[in-house]
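Take a look at the letters that make up each chain.
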Amino acid sequence: MDLSKFDPNSSGNPNYNIFGLPFTEEDAKLVVLPVPWEVTVSYLAGTARAPERIKKASLHVDLFDPDVSDGWKQGFFLREPDKKILFKNDYLRKESELFIDYVSQGQKIEENRFMCKALKEVNEGSEFLNAWVYDQTKALLDKGKLVGLLGGDHSTPIGFYKAIAEKYSDFGILQIDAHCDLRKAYLQFTHSHASIMYNALNEIPQLTRLVQVGVRDYSQSEWDYICNSNSRVVTYFDKQIKERQFEGLSWQYLADEIINHLPQKVYISFDIDGLNRTLCPHTGTPVPGGFEAEQVFYLFRKIIESGRHLIGFDLCEVGISSNEWDENVGARVLFKLCNLMVASN
């Protein structure tokens, strides 16, 4: 694409695409698929509207990245959120809220026909969404595009994982998250945001290793799953990381140790609540603790320096706020992921 008349030092043009870049989907090397879905969110809602809000905030991100100075020149493009998906989300979200409230009070769903219907519709809706994400991402991969996914809640990328698994015979996921997401059918939702990694490990044999970093809120069943995974799941808990740093280990040492658990092909799954809550105050399930953004970016850079290959990413659980702070941080995380993705390819 001819960029001779595009000024990367100017303010972002709202008539252009993500980060104010003038690329079409055809021209762009990397395409970001927005998935406006938060049907199974069990605490704070809002992330379904994150993609459009991140796009707006992205106009204020400077295009110079000292890690990948000209990465943007390869082209990033964010599709418009699919209105049919958003409409389906809004309808099912109302049903799931009623269901969650009902179940949380200890009521038995088999005694309530409406609740039985709501559960069935939510689970069927999630299956529909997973198939849609698979179809969209597979088509992009088949065209030779690099692909990222922008949620929505953390249940959204499993269809992308399955498309990735058809392209690569084995790969690992690096998960940045405050939670393990290893619960089975959380609140009876088969594809809950709290079950994404449980489902991925059970449904995708090509996923040979899951490395979780920053976890600080988890259940007994998730702890048992990790302990019985035969090292298929390696979890670096936030408490463990900080205590080892308090005792003198550097983040460089820990980052190298984390990366050594990853296979050659790496997919990054970034739940924004892996960061310190000051950076994501309106995320769906916030937890005290977490990383500064630059700590995580350092870990990502070290993955590339190790010679490993980034094959995809998702960014999920970004909340929406009145002052666009969450969206601002989300836009900058997305920009870093896009740059590192093209640098690795």
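All values reported here derive from a predicted model rather than from experimental measurement.

> It is not clear to me how the overall build of the chain should be interpreted in this structure. Could you clarify?
Secondary structure summary: the chain contains 10 helices and 8 strands in total. The principal-axis extent of the C-alpha atoms belonging to the chain is close to 65 × 50 × 40 Å. Looking at the chain as a whole, 58% of its 345 residues qualify as buried. Contacts spanning at least 24 positions in sequence make up 77% of the contacts within the chain whose residues lie at least 6 apart. As displayed, the chain offers around 14,800 Å² of accessible surface, 49% of which is attributable to carbon and sulfur atoms. Put simply, the chain has 37 plus and 48 minus side-chain charges, and the middle of one group is 3 Å from the middle of the other.

> Explain the pairing of strand 1 (residues 30-35) here, please?
Working note: regular strand, side chains alternate between the two faces of the sheet. Here strand 1 lies mainly inside the structure; 6 of its 6 residues are buried. Neither face of strand 1 is left uncovered, since the one carrying Leu30, Val32 and Pro34 and the one carrying Val31, Leu33 and Val35 both have all their residues buried. Strand direction decides the pairing type here: strand 1 and strand 2 (residues 76-78), joined by 3 bridges, are parallel. Bridge pairing in strand 2 links Leu30 to Phe76. In this region the chain leaves strand 1, passes through helix 1 (residues 50-58) and returns to the parallel neighbour strand 2; the handedness of that crossover is right-handed. Alignment of strand 1 against strand 3 (residues 146-151), held across 6 bridges, turns out to be parallel. Paired with Leu30 across the two strands is Leu146, which belongs to strand 3.

> Help me understand the packing of helix 8 (residues 251-260) against helix 9 (residues 293-305) in this model?
Each pair of packed helices can be described by the angle between their axes along with the distance between the axes. Look at helix 8 against helix 9: their axes get within 10 Å of each other, and the N-to-C directions meet at 50°. In this view, helix 8 runs oblique relative to helix 9, as classed from their interaxial angle. As helix 8 runs across helix 9, the sense of the crossing is right-handed. Across the interface between the two elements, Trp251, Gln252, Ala255, Asp256, Ile258 and Ile259 from helix 8 touch Gln295, Tyr298, Leu299, Lys302 and Ile303 from helix 9. Classifying every residue of the contact of helix 8 with helix 9 gives 7 nonpolar, 2 polar and 2 charged.

> Before we go on, may I ask you to explain the packing of helix 7 (residues 238-246) against helix 8 in this structure?
Contact pair helix 7 / helix 8: the axes reach a minimum separation of 10 Å and the direction vectors enclose 140°. Compared by their axis directions, helix 7 and helix 8 come out oblique. For the pair helix 7 and helix 8, the sense of crossing is right-handed. For the pair formed by helix 7 and helix 8, the contact residues are Ile241, Arg244 and Gln245 on the first element and Trp251, Tyr253, Leu254 and Glu257 on the second.

> Is there a simple way to think about helix 3 (residues 113-142) in this case?
An α-helical turn contains 3.6 residues, so a residue and the one three or four places further along point in the same direction. Counted at 1.5 Å a residue, the expected span for helix 3 with its 30 residues is 44 Å, and the 43 Å between its end C-alpha atoms agrees. Of the residues flanking the start of helix 3, the one acting as N-cap is Asn112, its side-chain oxygen 3.0 Å from the backbone nitrogen of Phe114. Phi for Gly144, located one or two positions after helix 3, is positive at around 85°.

> Looking at this model, I keep getting lost on the environment of Asp67. Mind explaining?
Mapped onto the elements of the fold, Asp67 is located in the loop between helix 1 and strand 2. Judged by its relative accessible area of 34%, Asp67 falls in the partly exposed class. Along the primary structure Asp67 and Asn339 are separated by 272 residues, whereas in three dimensions their C-alpha atoms are 8.2 Å apart. The residues contacting Asp67, other than those within four sequence positions of it, are Arg301 and Lys336.

> What am I meant to see in the nonpolar core here?
Nonpolar side chains in soluble globular proteins generally cluster together in the buried interior. The biggest cluster of nonpolar side chains holds 62 residues, and the ones touching the most others in it are Phe19, Phe76, Leu174, Phe270, Leu275, Phe300 and Leu334. At 10 residues, the largest contribution of residues to this core is made by helix 10 (residues 325-344). Excluding its chain neighbours within four sequence positions, the residues that come into contact with Phe270 are Ile176, Leu275, Val296, Phe300, Asp314, Leu315, Cys316, Val333 and Leu337.

> Can you walk me through the side chain of Lys302 in this structure?
Its location among the elements puts Lys302 in helix 9. Taking the relative accessible area as the measure of exposure, Lys302 reaches 15% and is therefore buried.

Conventions we followed
- Residues numbered from 1 in each chain as written.
- Predicted model: local features only at pLDDT ≥ 70, side-chain atom pairs only at ≥ 80, totals over all residues.
- Heavy atoms only, no water.
- Helix = DSSP H or I, 4+ residues; strand = E, 2+ residues; numbered from the N terminus.
- Buried < 20%, exposed > 50% of the residue type's maximum accessible area, 1.4 Å probe, protein only.
- Contact = heavy atoms within 4.5 Å.
- Areas by Shrake-Rupley, 256 points an atom, 1.4 Å probe, with all protein chains shown as cover.
- Lys, Arg positive; Asp, Glu negative; His and termini not counted.
- Charge placed at Lys NZ, Arg CZ, Asp CG, Glu CD.
- Pairing = 2+ DSSP bridges.
- Right-handed = clockwise from strand over helix to strand, strands pointing away.
- Axes fitted to C-alpha atoms, helices over the stretch in contact; angles between N-to-C directions.
- Parallel < 35°, antiparallel > 145°, perpendicular 65-115°, else oblique.
- Left-handed = near helix turned anticlockwise from the far one by under 90°.
- Nonpolar A, V, L, I, M, F, W, Y, C, P; charged D, E, K, R; others polar.
- Expected span 1.5 Å × (residues − 1).
- Polar contact = N/O pair within 3.5 Å; in protein donor to acceptor, adjacent residues only side chain to side chain.
- Core = buried A, V, L, I, M, F, W, Y, C linked by side-chain atoms within 4.5 Å.

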